[in-house]
Amino acid sequence: MRMLKLIRPCEYNILFLGCARSISSFAASFQTPDGDSVDLASQVASIIKRPTWQKNPSLKHLAASLTPIHVSTILQQHLDAKTALDFFTWIGNKPGYKHDIRSHIALLDRLVPAGLLGVADKIRVSMIKSCDTEDDIRFVVDVLKKLNDEGSFKMSLRSYNNLLMGLGRFELIELMKTFYLKVVGSGITPNIYTYNTMINAYCKAADVPEAMVYFSYIIQAGLSPDTFTYTSLMLGHCRNNNLEQAKKIFSVMPKKGCERNVVTYNVLIHGLCDSGELDEPFSLFSQMVEEGCQPNVRTYTILMVALCDSLRMDEAFKLLKEMVEKGVKPNIHTYTVLIDSLCRGNKLDEASKLLNEIAENGVRPGVVTYNALIYGYCQEARLDEAFQVLEMMRLNDCAPNSRTYNELICGLCKVQNVHKAMGLFSNMLDSGLFPSVVTFNSLIHGQCREGHIDSALRLLSLMSGNGLSADQWTYSTLIDALCKAGRVEEAHKHFLSLTEKSVKANEVIYTALIHGNCKVGKTENALLLLEKMIADGCGPNSYTYNALIGGLCEENKQQEAYLLLKKMLELGIKPTIVTYTILIDELCKEGKLKHALAVFGLLFSTGCQPDVRVYTVFICAYLREGKVVEAEEVMLKMRNEGVSPDVVTYNTLIDGYGKLGLIHDAFASLKSMREAGCCPDWLTYEFLVKHFFHTLQIGAPLQKLDTSSSLDSIDLDNLWKTIKYEHVLILLEKMLQHGCSPDIHTYHVLIAGFCSGARLEEAEALVSYMEGKCLSPNEDIYISLINGSCGTRLYSKALIFMNKMVASGYLPHLLTYKLLICGLCDEGNIDTAKKLFCSLLESEYNKDEIAWKILIEGFAKRGYPDICSDMLQIMEDKGCQLDPLTYDLLIAELSDNEEEK
């Protein structure tokens, strides 16, 4: 990873050291072009020095390769002023070419010494207009200031006005004020355009009082405010949410002899829409048409945005239809509004269809449009389609921006593909884009979610080392992850460091730390944290109290839990359904079902509505007591109340039925689960396998089983060491008989189970059986097979599975690579390990993450410094660039190894 030093993209290597310099000096101060550029420039320069250069057949071919760097070099080749101007105009008219600051300055270097100041003034204005960034305009300001001060090329009012407009585009108001004073100080009389530009800039910044100062200057100068003046003032009032004043100006304009144009109407319509009002903007829209002012594309787009924000999508599309019928062509912003709204409404297929339609209609989508669709797909975990949009962008020459990468990185982290997100992070840096706090927060969250907390902490260091400050979200994620991993002391150290980092601990951070202390049985510390939280002016919320109540219940301190509930009520903090669920669950575990039902009745009186969790607690309690009918009644009640069972509910039923020997009911629950669109998880199948195996083991009929049998004597680890392969095939057959066709997830659980029990032969047999059913291994199955092979030290077999996985288009997790590479080294097969490591480096992984997880965690921390050094050398030989922080971590680990020796 490169050091992410934030270098401005338009720094031109120009050093202004306080002395006046000629235009030639400025032109010469640009970065020297490379040899190829000089070659091309020399060829073109030699052609255009000839009298009939425009007819030269070679020039047309060479012109296609010219860039502003070439043109500025050509113009410095001692051309006469007329030839330089003709060439500048000629190349500027070529499709795909655009002059920049360099080419303008190079031309001025020819025109000003030749005394062609009138033409030079036009080129100066053109240069100001060519500025694409704030860096550009600031550079132009320096150039024009120095040229004006040395007297060789004084600024005209026209140039000043254009410069003020250019500065206004980038909201550089202080610089605008400086140059306005220069206009006045140089004896040039400002005109209405000068004043209007200043008024407009201040109004865009919502600074109406300052705008009114320049309005007074118009009156003092004997000039008349025009439509632009009043429209700007309306804009300022709208941005201050002073709509009444904006409407007054709108009303008075005709009396002042100022025609209200489409921009005037748009400003007021926009202001009214922003206030959440829709009737008045549409009334104004109708008035606009009646007065003969035709709405433009911006008018329609403003109204569509308002309709979409109000979730009135049908009306927005009707307006689109009306717009087209009236001959107003929608632009890309119009379509982007609609696509974004469709995506946020989860109508992704409609959004995708609209994107294809606009492309067919000749409207070229921009990065914002594509980002809207990528965001929608990522929100719904449809990552394959999101990456298809990214590929579409590239095919249409639309470069992704930081937002594009941030959405994709966030989406990958949500589906626990942080290794792919890290690879995309590398691509982002290679594209010259700078990550933000949002980028790092997504990656840190992704690493934490997959249990890679050390990698998350390294990302925190990278973030800091590259000039970005971690925020509350960063630390809440890290502290929560550390607490969940039982690393509470470490979490507390980060908590204590917040003050020196100017990060104020919020309720999320406090609650995470309180919950972490409760999980490790330190409720006393948790209660002390609650006191500190209140003392620091950070108000605890229901989540905070829920964590404490749950912790106290876990330690059998029910009385203290109820006292805390009472305190919570006294403070006006309303208990949530989670609060009641914690208490009900504890009562159910104690066998106090009647008391639990009494609390359940109480929650209705507080306005809480039961959710799936509280119903599942009762289902579990009834099944624990063998009360199947009551459990099923709860299931029926929750469905009647419109509460859908989740995976935990179904797992509870399957496990409960299984423990009672009701295997048919367990299978029926699995069928219902899948029909309801609820995807079974690992536990679903493990419960089913456990109970089905027990049924076969004791030889009891499937529908009748002695419920006194001790099912708990079979733990899941031993299950996979003892279950017969034939029994698994019978289970698959029974699933089919019960209308539950085994799918890829079913096979994954079974194959992973055999792998965890060191029974690779059975796992491979099940893969063959699955393939016979026209199902191919997925990413999870390959990882299980590789891990299982490594667990039994069958590294050659693991390597075969790895190769098959990669050939199938899957990107193995780095931990899987670490397991295999380290295993090969452990058995002395260093050459094969290095070959595998080399192939890994050629894939789309983040190189720093490779160093963290394989070099540091795989070798350095395990006492293999020599292999670690060898692998690092391989990375360097292949041109892999690591962040300096990663090098520091490697050096520290290798030094520790040396000290231990």
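The structure we're discussing is the one just above.
Reading the values: rules and limits
- Residues numbered from 1 in each chain as written.
- Predicted model: local features only at pLDDT ≥ 70, side-chain atom pairs only at ≥ 80, totals over all residues.
- Heavy atoms only, no water.
- Helix = DSSP H or I, 4+ residues; strand = E, 2+ residues; numbered from the N terminus.
- Buried < 20%, exposed > 50% of the residue type's maximum accessible area, 1.4 Å probe, protein only.
- Contact = heavy atoms within 4.5 Å.
- Areas by Shrake-Rupley, 256 points an atom, 1.4 Å probe, with all protein chains shown as cover.
- Lys, Arg positive; Asp, Glu negative; His and termini not counted.
- Charge placed at Lys NZ, Arg CZ, Asp CG, Glu CD.
- Expected span 1.5 Å × (residues − 1).
- Polar contact = N/O pair within 3.5 Å; in protein donor to acceptor, adjacent residues only side chain to side chain.
- Axes fitted to C-alpha atoms, helices over the stretch in contact; angles between N-to-C directions.
- Parallel < 35°, antiparallel > 145°, perpendicular 65-115°, else oblique.
- Left-handed = near helix turned anticlockwise from the far one by under 90°.
- Nonpolar A, V, L, I, M, F, W, Y, C, P; charged D, E, K, R; others polar.
- Salt bridge = Lys/Arg side-chain N within 4 Å of Asp/Glu carboxyl O.
- Core = buried A, V, L, I, M, F, W, Y, C linked by side-chain atoms within 4.5 Å.

Trainee: Can you lay out the overall build of the protein for me, pointing to particular residues and giving the numbers?
Mentor: The helix and strand inventory of the protein stands at 50 helices and zero strands. Judged by the C-alpha coordinates and their principal axes, the protein covers about 105 × 70 × 55 Å. Here the protein holds 901 residues, and the buried ones make up 51% of them. Looking at the protein alone, contacts between residues at least 24 apart form 63% of all its contacts between residues at least 6 apart. Summing over all exposed atoms, the protein offers an accessible surface of approximately 42200 Å²; the carbon and sulfur share of this is 51%. If the 90 positive side-chain charges of the protein are averaged to one point and the 108 negative ones to another, these points end up 5 Å apart.

Trainee: Any chance you could break down unusual backbone geometry for me, citing the residues and the numbers?
Mentor: Despite not being glycine, glutamate 171 shows a phi value in the positive range, around 60°. In this model, alanine 206 sits at a positive phi of 65°, which is unusual for a non-glycine residue. Here alanine 206 lies in the loop between helix 11 (192–204) and helix 12 (208–220). Here alanine 206 falls in the partly exposed class, since its relative accessible area comes to 23%.

Trainee: Before we move on, could you go through helix 48 (residues 847–860) and cite the residues and values that matter?
Mentor: The first and last C-alpha atoms of helix 48 sit only 17 Å apart over 14 residues, clearly below the 20 Å expected at 1.5 Å per residue. Two to three positions downstream of the cap, the backbone nitrogen of aspartate 848 sits 3.0 Å from a side-chain oxygen, assigning the N-cap of helix 48 to asparagine 846.

Trainee: Please provide a residue-by-residue account of the packing of helix 31 (residues 542–554) against helix 32 (residues 558–570), values included.
Mentor: Interaxial distance between helix 31 and helix 32 falls to 8 Å at its minimum, and their mutual angle equals 165°. In terms of axis orientation, helix 31 runs roughly antiparallel to helix 32. With respect to the hand of their crossing, helix 31 and helix 32 are arranged in left-handed fashion. Of helix 32, the residues touching helix 31 (which contributes Ser542, Tyr545, Asn546, Leu548, Ile549, Leu552 and Cys553) are Gln558, Glu560, Ala561, Leu564, Leu565, Lys567 and Met568. Residues of the contact of helix 31 with helix 32, tallied by class, amount to nine nonpolar, three polar and two charged.

Trainee: Summarise the pattern of salt bridges; cite the residues concerned and give the values.
Mentor: Scanning the model with the defined rule gives 37 salt bridges in all. Notably, a salt bridge pairs arginine 124 with aspartate 121, separated by 2.7 Å at the nearest N-O pair. With arginine 124 and aspartate 121 both in helix 7 (residues 117–129), this residue pair falls three residues apart, about one helical turn. Under the relative-accessibility criterion, arginine 124 is labelled buried at 2%. Of the charged contacts, one joins aspartate 611 and arginine 613 as a salt bridge, the two residues approaching to 2.8 Å between their closest N and O atoms. Here aspartate 611 falls in the buried class, since its relative accessible area comes to 16%. The exposure class assigned to arginine 613 is partly exposed, which follows from its relative accessible area of 43%.

Trainee: If you had to explain the nonpolar core to someone new, which residues and values would you point to?
Mentor: Core analysis: the biggest nonpolar cluster contains 293 residues, and Phe87, Ile584 and Phe837 have the highest contact counts within it. Among the elements that make up this core, the one with the highest residue count is helix 35 (residues 612–624) (nine residues). When neighbours within four sequence positions are excluded, phenylalanine 837 is seen to be in contact with Ile821, Ile850, Ile854, Leu855, Met871, Ile874 and Met875.

Trainee: Tell me about helix 6 (residues 101–111), and please be specific about residues and values.
Mentor: Taken across its eleven residues, helix 6 has ten buried, putting it largely inside the fold. Here helix 6 has its buried residues at Ile101, Ser103, His104, Ile105, Ala106, Leu107, Leu108, Asp109, Arg110 and Leu111.

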